[in-house]
Amino acid sequence: MAIQWQIKAFEGLSVHELYDLLRLRSEIFVVEQNCVYLDLDGKDKVALHLFAEYEGKIVAYARLFKAGISFDNASIGRVVVDANYRDRKWGHDLMREAISGIAHHFGESQITIGAQLYLKKFYESHGFVQTSEMYLEDDIPHIEMKRE
């Protein structure tokens, strides 16, 4: 079975899809990274939700935003791949889909992200460059990165 990619507005998500993507985000960002923070930040309602399903399970996810919501440029956030599937390199597929989704849905090519510092090389491999000093967000080192 192949991985299936979808992009949906908040209102287009089924209750099951919403639950599964929020569970995945919590598994990684709260439990795996041992970081207590409020994941539900009010931005889900204005985001496009990009996710991949494999064998009936959401295994990769990111939020896509038009310019002016998270940054002056379009942006990608909550980038996550289920820990059980990281060996398949689907994070790279996720970033290609996210960049393409922003171009297709928002007509934007400039993208800004707030990246966890340890993922700098991963994002650089997708054309992002560091544009800020390191800062802490929820006690995790981050950097701002842009893609032109």
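It should be emphasised that the depicted structure is a prediction, and the values quoted were computed from it without experimental measurement. (Residues numbered from 1 in each chain as written. Predicted model: local features only at pLDDT ≥ 70, side-chain atom pairs only at ≥ 80, totals over all residues. Heavy atoms only, no water.)

### A short note on the overall build of the protein chain
- Within the protein chain one finds three helices and eight strands.
- Its helices and strands taken in sequence order, the protein chain reads β-α-β-β-β-α-β-α-β-β-β from the N to the C terminus.
- Relative to its length of 148 residues, the protein chain is compact, with a C-alpha radius of gyration of 14 Å against a globular reference of 15 Å.
- Here the C-alpha coordinates of the protein chain stretch approximately 40 × 35 × 30 Å along the principal axes.
- Scored against the burial criterion, the 148 residues of the protein chain give a buried share of 40%.
- The long-range share in the protein chain, meaning contacts at least 24 apart out of those at least 6 apart in sequence, stands at 60%.
- Across the protein chain, the 17 positively charged side chains and the 23 negatively charged ones have centroids separated by 2 Å. (Helix = DSSP H or I, 4+ residues; strand = E, 2+ residues; numbered from the N terminus. Rg over C-alpha atoms; globule rule 2.2 N^0.38 Å. Buried < 20%, exposed > 50% of the residue type's maximum accessible area, 1.4 Å probe, protein only. Contact = heavy atoms within 4.5 Å. Lys, Arg positive; Asp, Glu negative; His and termini not counted. Charge placed at Lys NZ, Arg CZ, Asp CG, Glu CD.)

### Points about the packing of aromatic side chains
- The full count for this structure, using the stated rule, is five aromatic pairs.
- Considering the side-chain rings of Tyr85 and Trp90, the 5.7 Å spacing of their centres and the 15° angle between planes classify their relative orientation as stacked. Each of the two residues, Tyr85 as well as Trp90, counts as buried.
- Consider the rings of Tyr123 and Phe128, whose centres lie 6.1 Å apart with planes at 80°: the pair is edge-to-face. For the pair Tyr123 and Phe128, a shared accessibility class is recorded, and that class is buried.
- Three or more aromatic residues joined by ring pairs form one cluster here, namely Tyr54, Tyr85 and Trp90. (Phe/Tyr/Trp six-rings, centres within 6.5 Å; stacked < 30°, edge-to-face > 60°.)

### Things to note about the nonpolar core
- Ranked by size, the top nonpolar core spans 27 residues in total, and within it Ile76, Ile113, Tyr123 and Phe128 carry the most contacts.
- The set of elements that each furnish at least two residues to this core consists of strand 2 (48–54), strand 3 (57–65), strand 4 (74–81), helix 2 (90–106), strand 5 (111–116), helix 3 (120–124) and strand 8 (140–147).
- With sequence-adjacent residues up to four places away left out, Phe128 is seen in contact with Ile76, Met95, Ile99, Ile111, Ile113, Tyr123, Met145, Lys146 and Arg147.
- Membership of the second largest hydrophobic core comes to twelve residues, among which are Ile28, Phe29, Cys35 and Tyr37. (Core = buried A, V, L, I, M, F, W, Y, C linked by side-chain atoms within 4.5 Å.)

### Description of the side chain of Asp39
- Residue position: Asp39 is located in the loop between helix 1 (15–32) and strand 2.
- Within the local environment of Asp39, its side chain forms a polar contact with the side chain of Arg78, the two groups lying 2.6 Å apart. (Polar contact = N/O pair within 3.5 Å; in protein donor to acceptor, adjacent residues only side chain to side chain.)

### What to know about unusual backbone geometry
- A positive phi angle is found at Asp138, which is not glycine, with a value near 55°.
- As for its position among the elements, Asp138 is in the loop between strand 7 (135–137) and strand 8.
- Residue class for Asp138 comes out partly exposed when judged on its relative accessible area of 39%.
- If you check the backbone angles, Asp139 has positive phi at about 65° while not being a glycine.
- Position of Asp139 among the secondary structure elements: in the loop between strand 7 and strand 8.

### A word on helix 1
- Here helix 1 is 18 residues long and its end C-alpha atoms lie 24 Å apart, about the 26 Å a rise of 1.5 Å per residue gives.
- The set of residues buried in helix 1 consists of Glu17, Leu21, Leu24, Arg25, Ile28 and Phe29.
- On its buried side, helix 1 packs onto strand 1 (4–9), strand 2, strand 3, strand 4 and strand 5. (Expected span 1.5 Å × (residues − 1).)

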